[in-house]
Amino acid sequence: MANDISFDTPPSVLPAGKQNIPRHVAIIMDGNGRWAEKRNQPRIMGHRAGVEAVRGMVEGCAKNGVEVLTLFAFSSENWRRPKQEVGLLMELFMTALGREVKRLHKNNVRLRVVGDIEGFSKPLQKRVAEAQALTQENTGLTVVVAANYGGRWDITQAAKYLAAQVQAGQLNVEDITPERMADAMSLADLPEPDLFIRTGGESRISNFLLWQLAYTEFYFSDILWPDFNIDALNNAIVSFATRQRRFGRTGQQVEQNKTRTTSC
Ligand code: IPE
Ligand code: IPE
Ligand code: MG
């Protein structure tokens, strides 16, 4: 599905045969600090450069026909960083939201923020609410920013929601199914992530979308986030396109099913 989008740069030219575009790409944007340290700059410079990379990624995903892009911006564990870095990150979040939202809106992007937003300052919460309200009717790429987000928090809040329904007599314990849990999780209304990308060389999930990534294809890149450009994104999408997703079936079953669906 092509998004109705009109960014300034020409559409990306993807390698031939790459038709299998992920509907939902979820990214752990890691390596900002090391990017800056390599340049003898303060870590915040890496975070600033990281915002530029986000801009490129939004354009790249929109042009490739990706429907949802989820970006891990601040984890529930990132509060453990030095106070100064956390403060600067909050400032950056505030200014970047204010600056980018008009551009996103102009390009028909719908912005969503997921996570325990109440952990943020009131002015930041207000800015988040305004950005979401402004862009909520847009029909192009959906950009989800995971902020003060943790996969364990997400599962816990879903469990609490269902427990409250049981307590109120609206739900039987026997009716709690994986589907009902899924409906109570963040991003429930969106397709599950097809492609997970982590930049920065680490091979871990760091409490990102623990529930939602159950059948997602993983792609790890050594590139530090500020250097992760459209070519790097295209490489990840090409890698995704070559994979066979079996969801528990055999490879043969998947192949047979493909022939059946394409021949009718
Ligand atoms: C990711 O980059 C951004 C956030 C966690 C906010 P890092 O800041 O973790 O960069 P490294 O891993 O220290 O290089
Ligand atoms: C994960 O990166 C969180 C974000 C990118 C927002 P971290 O750099 O915080 O992850 P760890 O601590 O190395 O696992
Ligand atoms: Mg890191």
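Our structure's up above, just so we're on the same page.
The present account deals with the structure reproduced in this document. Since this is a predicted model, take the numbers as computed values, not measurements.

Let's talk about the packing of aromatic side chains
Any aromatic ring pair is given by two values, namely how distant the centres are and how the planes are angled relative to each other.
And then number 1: On inspection of all chains with the given rule, the structure shows 14 aromatic pairs.
And then number 2: When the centroid spacing of 5.9 Å and the interplanar angle of 45° are considered together, the rings of W79 and F120 count as tilted. Here F120 lies in the loop between β3 (110-114) and α4 (122-135) and W79 lies in the loop between β2 (68-75) and α3 (83-106), a separation of 41 residues in the sequence.
And then number 3: Among the residues examined, W79 registers a relative accessible area of 35% and is labelled partly exposed.
And then number 4: Under the relative-accessibility criterion, F120 is labelled buried at 5%.
And then number 5: Relative to F247, the ring of Y215 has its centre 5.1 Å away and its plane inclined at 45°; by these criteria the two rings are tilted. A residue pair is termed long-range when its members are at least 10 positions apart, and Y215 in the loop between β5 (195-198) and β6 (217-220) and F247 in the loop between α7 (230-241) and α8 (251-263) qualify at 32 residues.
And then number 6: Of the aromatic side chains, those joined through ring pairs into one cluster are F72, Y149, W153, F196, F208, F218 and F220.

Section: the site of ligand 1
And then number 1: Around ligand 1, the neighbouring residues are M29, D30, G31, N32, G33, R34, R43, H47, A73, N78, R81 and L89.
And then number 2: Between ligand 1 and D30 there is a distance of 2.8 Å, counted from an oxygen atom to a side-chain nitrogen or oxygen.
And then number 3: For ligand 1, whose unbound accessible area comes to 380 Å², protein coverage reaches 87%.
And then number 4: When residues of the shell around ligand 1 are assigned to their parent elements, the largest contribution, 3 residues, is made by helix α1 (residues 32-38).
And then number 5: Counted by class, the shell around ligand 1 contains 3 nonpolar, 5 polar and 4 charged residues.

Description of the side chain of H47
And then number 1: Relative to the helices and strands, H47 resides in helix α2 (residues 43-64).
And then number 2: In this structure the side chain of H47 is engaged in a polar contact, spanning 2.9 Å, whose partner is the side chain of E85.
And then number 3: Ignoring anything within four residues of it in the chain, the contact list for H47 reads N32, R81, E85, L89 and L92.

Structural notes on the nonpolar core
And then number 1: By size, the foremost hydrophobic cluster in this structure holds 41 residues, and its most contacted members are I27, L69, L141, V143, L195 and I197.
And then number 2: The greatest single-element share of this core, amounting to 7 residues, is contributed by α3.
And then number 3: Beyond its immediate stretch of four places on either side in the chain, I197 contacts V25, A26, I27, I28, Y219, F228, L233 and A236.

Concerning the pattern of salt bridges
And then number 1: Going through the model one piece at a time under the given rule, you end up with 19 salt bridges.
And then number 2: Across the pair R99 and E100 runs a salt bridge, and its minimum N-O distance is 3.4 Å.
And then number 3: Taking relative accessible area as the criterion, R99 reaches 48% and is therefore assigned partly exposed.
And then number 4: The exposure class assigned to E100 is buried, which follows from its relative accessible area of 12%.
And then number 5: By sharing partners, the salt bridges in this structure join D30, R34, R198, E202 and R204 into a single network.

Looking at the site of ligand 2
And then number 1: In the vicinity of ligand 2, the contacting residues are I28, M29, D30, F72, A73, F74, S75, N78, R81, R198, R204 and S206.
And then number 2: Within the side chain of N78, a nitrogen or oxygen atom sits 2.9 Å from an oxygen atom of ligand 2.
And then number 3: The separation between an oxygen atom of ligand 2 and a polar side-chain atom of R204 is 2.8 Å.
And then number 4: The leading source of residues in the shell around ligand 2 is β2, at 4 residues.
And then number 5: For the shell around ligand 2, the class distribution of residues is 5 nonpolar, 3 polar and 4 charged.

Digging into the sheet that holds β5
And then number 1: On the basis of which strands lie adjacent, the open sheet formed by 6 strands has the order β3-β4-β2-β1-β5-β6 and parallel pairing. One side of each edge strand has no neighbouring strand; the edge strands of this open sheet are β3 and β6. Sheet twist, expressed as the mean angle between neighbouring strand axes with direction ignored, is 20°.
And then number 2: With 5 bridges joining them, strand β1 (residues 24-28) and β2 adopt parallel strand pairing. Bridging from a neighbouring strand, I27 pairs with L71 of β2.
And then number 3: In this fold α3 packs onto β2, β3 and β4 (142-149), with an angle of close to 155° to the strand it touches most, β2.

Conventions and cut-offs
- Residues numbered from 1 in each chain as written.
- Chains lettered and ligands numbered in written order.
- Predicted model: local features only at pLDDT ≥ 70, side-chain atom pairs only at ≥ 80, totals over all residues.
- Heavy atoms only, no water.
- Phe/Tyr/Trp six-rings, centres within 6.5 Å; stacked < 30°, edge-to-face > 60°.
- Helix = DSSP H or I, 4+ residues; strand = E, 2+ residues; numbered from the N terminus.
- Buried < 20%, exposed > 50% of the residue type's maximum accessible area, 1.4 Å probe, protein only.
- Near = heavy atom within 4 Å.
- Polar contact = N/O pair within 3.5 Å; in protein donor to acceptor, adjacent residues only side chain to side chain.
- Areas by Shrake-Rupley, 256 points an atom, 1.4 Å probe, with all protein chains shown as cover.
- Nonpolar A, V, L, I, M, F, W, Y, C, P; charged D, E, K, R; others polar.
- Contact = heavy atoms within 4.5 Å.
- Core = buried A, V, L, I, M, F, W, Y, C linked by side-chain atoms within 4.5 Å.
- Salt bridge = Lys/Arg side-chain N within 4 Å of Asp/Glu carboxyl O.
- Pairing = 2+ DSSP bridges.
- Axes fitted to C-alpha atoms, helices over the stretch in contact; angles between N-to-C directions.

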